[in-house]
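Notes for the structure review
Residue-level listing of the chains:
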Amino acid sequence: MVRVRFAPSPTGPLHIGGVRTALFNYLFARHNGGTMVLRIEDTDSKRFVPGAEDYIIEALRWLGIEIDEGIGSDNQPYGPYRQSERRDIYREYVQQLIEQGAAYYAFDTVEELEQARQEMPNFSYDASTRSKMRNSLSLPSEEVTRLLESGEEYVVRFKVDPDREVEVDDLIRGKVVISSTQLDDKVLYKSADDLPTYHLANIVDDHLMQITHVIRGEEWLPSAPLHVLLYEAFGWKDSMPQFAHLSLLLKPQGSGKLSKRDGDKLGFPVFPLEWRNPEDGSISMGYREQGYLPEAVSNFLALLGWNPGTDQELFADPQEPISSELISAFSLDRCSKSGARFDFEKAKWFNHQYIQLIPVERLITYIRPSLTEHGVNPTDEHLRDVLLTIRDKAQLLPDLLPEVLYFFVAPTEYDAKGVKKHWKAETPSYLQQMITLLEELPCEASLDTIEQALYDKINGDELPMGKVMNGIRMALVGAPRGARIHEIIYLLGIPESIRRMQHAIDEIKL
Ligand code: GLU
């Protein structure tokens, strides 16, 4: 039975790379009929940011990444799922390692550690240096007992034996072997806040929660050998989860990892939702608020570091935010080791596609409030027809509003540049001829009838097509943009189209 977990630390808004990790866990869980757990790794009390946990839950919900167990779900068989609420559990396991001799107490103060760093070049707290430090391996046991009893602050460190080959089997990277000599005696627990560090809590919880696969970002790969040693020390090696470290998300240009600064510089969000920093009130933009559809974001992210082995890019599902086709196509062995370049234009392309693909009712729900703000309240049916006609013009959801609005609000002003370019001395006479033509058509003329009549007239009378159309467009839209002329006339209705043309003839002065 596959069990995966997404285990973010609530140190700020979830970065888009973190969202990708959550998505890959989810796709893997769903593909295998497994369980997706959400666990909050909040053991670093100094980096805790209020609001971050709610943000994570909301972001996952927006994207359609469903949580089956843990935080954000009522199903909590292995709870609590917030690590700060699991102190009693960790204390017990820390004690076990100490009793086994796999871990030890260290009393070095911040100053002493600083001094060691200055005295020894490339200082690392490990087998080569620990005898020179103040810990339960170097101090007499009465002294250790005295320090512990007097309430002296301490940490517990993992005792890493040198010269051992540590093997990490990774489903994406294959076998990685490193020497334990390169590892230091990592801190597992701090008495100051009675909390374990990430490494201990992460291993204990993955074991207790029976996690079968650890799918996470490449930045955690360096921790994996230590994690293997911890599993071994606890005697859990046989039930150790399988690792899969996802490739890095790279900057759109140049080398290195995608950062918030890249987004700020190039004008794209690196967070799923807008985030207000509680410390300084600064706002970071989010995909949702910029007008992306969640399915476009998840489809885009799915292809960053994974490919289906075919040319298929769109995995759309009218029913589900994350398509069943994507779920069945997903597999870890098609995840790549090399970094995935973050191509922001591609995100826009996906959004443009999804604006065409989703049920138009969703676009209605989205745009209705802005129309109301403009004092416009069309029927759903009318709005639907307009949206179906113009939705291919929008890349982001906010692009819809100007494309929709002119259907319901007649222009009162005319775009100056457009007038200069498209309104000529002869334009009013062309428009007059078109008015006459429209007056002869039945009010309920079909789209095809209107189109045919316009073209027959222009071609038959050998009028200049471009000039006539541009003139009509200026009159109907007020600017040189918008849907095709016969579509606009059809949706506005013939009487309103005539009114707008007449108004332009009266108003636009050269
Ligand atoms: N708490 C870690 C994070 O913030 C979890 C890493 C892991 O998945 O092991 O990403």
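The rules behind the values
Residues numbered from 1 in each chain as written. Predicted model: local features only at pLDDT ≥ 70, side-chain atom pairs only at ≥ 80, totals over all residues. Heavy atoms only, no water. UniProt positions renumbered as here; feature names shortened; annotations may be inferred. Buried < 20%, exposed > 50% of the residue type's maximum accessible area, 1.4 Å probe, protein only. Helix = DSSP H or I, 4+ residues; strand = E, 2+ residues; numbered from the N terminus. Pairing = 2+ DSSP bridges. Right-handed = clockwise from strand over helix to strand, strands pointing away. Near = heavy atom within 4 Å. Polar contact = N/O pair within 3.5 Å; in protein donor to acceptor, adjacent residues only side chain to side chain. Areas by Shrake-Rupley, 256 points an atom, 1.4 Å probe, with all protein chains shown as cover. 1 Å grid on protein atoms, 1.4 Å probe; cavity = no way out; pocket = protein on both sides within 12 Å on 5 of 7 lines; lining within 4 Å. Sits in = over half its atoms within 2 Å of the grid points. Nonpolar A, V, L, I, M, F, W, Y, C, P; charged D, E, K, R; others polar. Expected span 1.5 Å × (residues − 1). Arc of directions from axis to C-beta. Contact = heavy atoms within 4.5 Å. Axes fitted to C-alpha atoms, helices over the stretch in contact; angles between N-to-C directions. Parallel < 35°, antiparallel > 145°, perpendicular 65-115°, else oblique. Left-handed = near helix turned anticlockwise from the far one by under 90°. Salt bridge = Lys/Arg side-chain N within 4 Å of Asp/Glu carboxyl O. Core = buried A, V, L, I, M, F, W, Y, C linked by side-chain atoms within 4.5 Å.

- An unreviewed UniProt entry annotates the protein as Glutamate--tRNA ligase originating from Porphyromonas asaccharolytica.
- Under the Subunit (unreviewed entry) heading, UniProt states for the protein: "Monomer."
- We quote the UniProt Subcellular location (unreviewed entry) comment for the protein here in full: "Cytoplasm".

1. Considering the pairing of strand E2 (residues 35–38)
- The side-chain alternation of E2 yields two buried faces, one formed by Thr35 and Val37 and the other by Met36 and Leu38.
- Alignment of strand E1 (residues 3–6) against E2, held across 4 bridges, turns out to be parallel. By the bridge assignment for E2, Arg3 is matched with Thr35.
- For the handedness criterion, the β-α-β arrangement of E1, helix H1 (residues 16–31) and E2 is classed as right-handed.
- Here E2 runs beside strand E3 (residues 69–70); their pairing, made up of 2 bridges, is parallel. Its bridge partner being in E3, Leu38 is matched across the sheet by Gly70.
- As a crossover connection, the stretch from E2 through helix H2 (residues 52–63) into E3 is right-handed.

2. Notes on the sheet that holds strand E4 (residues 103–106)
- In spatial order, the strands read E4-E5-E8-E9; together these 4 strands make up an open sheet with antiparallel pairing. With partners counted over all chains shown, the strands left at the sheet margins are E4 and strand E9 (195–196), one partner each.
- Sheet topology note: the strand E8 (residues 187–190)/E9 ladder contains 2 bridges and is antiparallel. Its bridge partner lying in E9, Tyr189 is registered against Pro196.

3. Describing the site of the ligand
- Close to the ligand lie Arg5, Ala7, Pro8, Ser9, Glu41, Tyr198, Asn202, Arg216 and Trp220.
- Between a nitrogen atom of the ligand and a main-chain N or O atom of Ala7, the distance comes to 2.8 Å.
- Take Arg216: an N or O atom from its side chain is 2.8 Å from an oxygen atom of the ligand.
- Bound to the protein, the ligand loses 85% of the 300 Å² it would expose on its own.
- Because more than half of its atoms lie within 2 Å of the grid, the ligand is assigned to the largest pocket.
- Its residues placed into classes, the shell around the ligand shows 4 nonpolar, 2 polar and 3 charged.

4. Topic: the environment of Ala445
- Structurally, Ala445 can be placed in the loop between helix H17 (427–440) and helix H18 (447–460).
- When the C-alpha atoms of Ala445 and Gly493 are compared, they prove to be 8.9 Å apart, with 48 residues separating the residues in sequence.

5. Re the UniProt feature "domain: Glutamyl/glutaminyl-tRNA synthetase class Ib catalytic" (unreviewed entry) in the protein
- Feature annotation in UniProt assigns "domain: Glutamyl/glutaminyl-tRNA synthetase class Ib catalytic" (unreviewed entry) to the following positions: residues 1–349.
- Within residues 1–349, the helical portion is 33% and the strand portion 15%, while the C-alpha atoms at the span's ends are 37 Å from each other.

6. Focus: H18
- Taking 1.5 Å of rise per residue, 14 residues should cover 20 Å, and H18 covers 20 Å from first to last C-alpha, within 8% of that figure.
- Those residues of H18 that sit buried are Ile450, Ala453, Leu454 and Ile458. An end-on view of H18 places all buried positions within 120° of arc, on one side of the element. Away from its buried face by more than 90 degrees, H18 exposes Asp448, Asn459 and Gly460.
- Against the buried residues of H18 lie H17, helix H19 (465–477) and helix H20 (485–492).
- Trailing H18 by a residue or two, Glu462 shows a phi angle of about 55°, which is positive.

7. What to know about the packing of H18 against H20
- Where H18 contacts H20, the axes come no closer than 9 Å and their chain directions differ by 130°. Judged by the angle between their axes, H18 and H20 are oblique. Considering how the two elements wind past one another, H18 and H20 form a crossing that is right-handed. For the pair H18 and H20, the contacting residues are Leu447, Ile450, Glu451 and Leu454 in the first and Ile485, His486, Glu487, Ile489 and Tyr490 in the second.
- Residue composition of the contact of H18 with H20, grouped by class: 6 nonpolar, 1 polar and 2 charged.

8. With respect to the pattern of salt bridges
- Tallied over the entire structure, the rule returns 38 salt bridges.
- Taking the shortest distance from any N to any O, the salt bridge between Arg82 and Glu85 comes out at 2.8 Å.
- For Lys237, the salt bridge is made with Glu232, and the minimal N-O distance between the two is 3.5 Å.
- Residue Lys237 is classed as partly exposed on the basis of its relative accessible area of 38%.
- By sharing partners, the salt bridges in this structure join Arg5, Arg39, Glu41, Arg86, Asp205 and Asp206 into a single network.

9. As for the nonpolar core
- Membership of the largest hydrophobic core comes to 158 residues, with the highest contact counts inside it found for Phe342, Leu387, Phe407 and Met501.
- Dropping the residues within four chain positions of it, Met501 is found in contact with Leu431, Met434, Ile435, Leu438, Ile472, Ala475, Leu476 and Ile489.
- Within the second largest apolar cluster, 8 residues are counted, among which are Ala116, Phe123, Met133 and Val155.

10. Some points on unusual backbone geometry
- Along the chain, Gly79 connects to Pro80 via a cis peptide bond; the corresponding omega equals -10°.
- In this fold, Pro80 is placed in the loop between E3 and helix H3 (87–100).
- In this model, Asn122 sits at a positive phi of 55°, which is unusual for a non-glycine residue.
- Of note, the phi angle at Asp163 is positive, near 55°, even though the residue is not glycine.
- Take Asp163: its relative accessible area is 67%, and that puts it in the exposed class.

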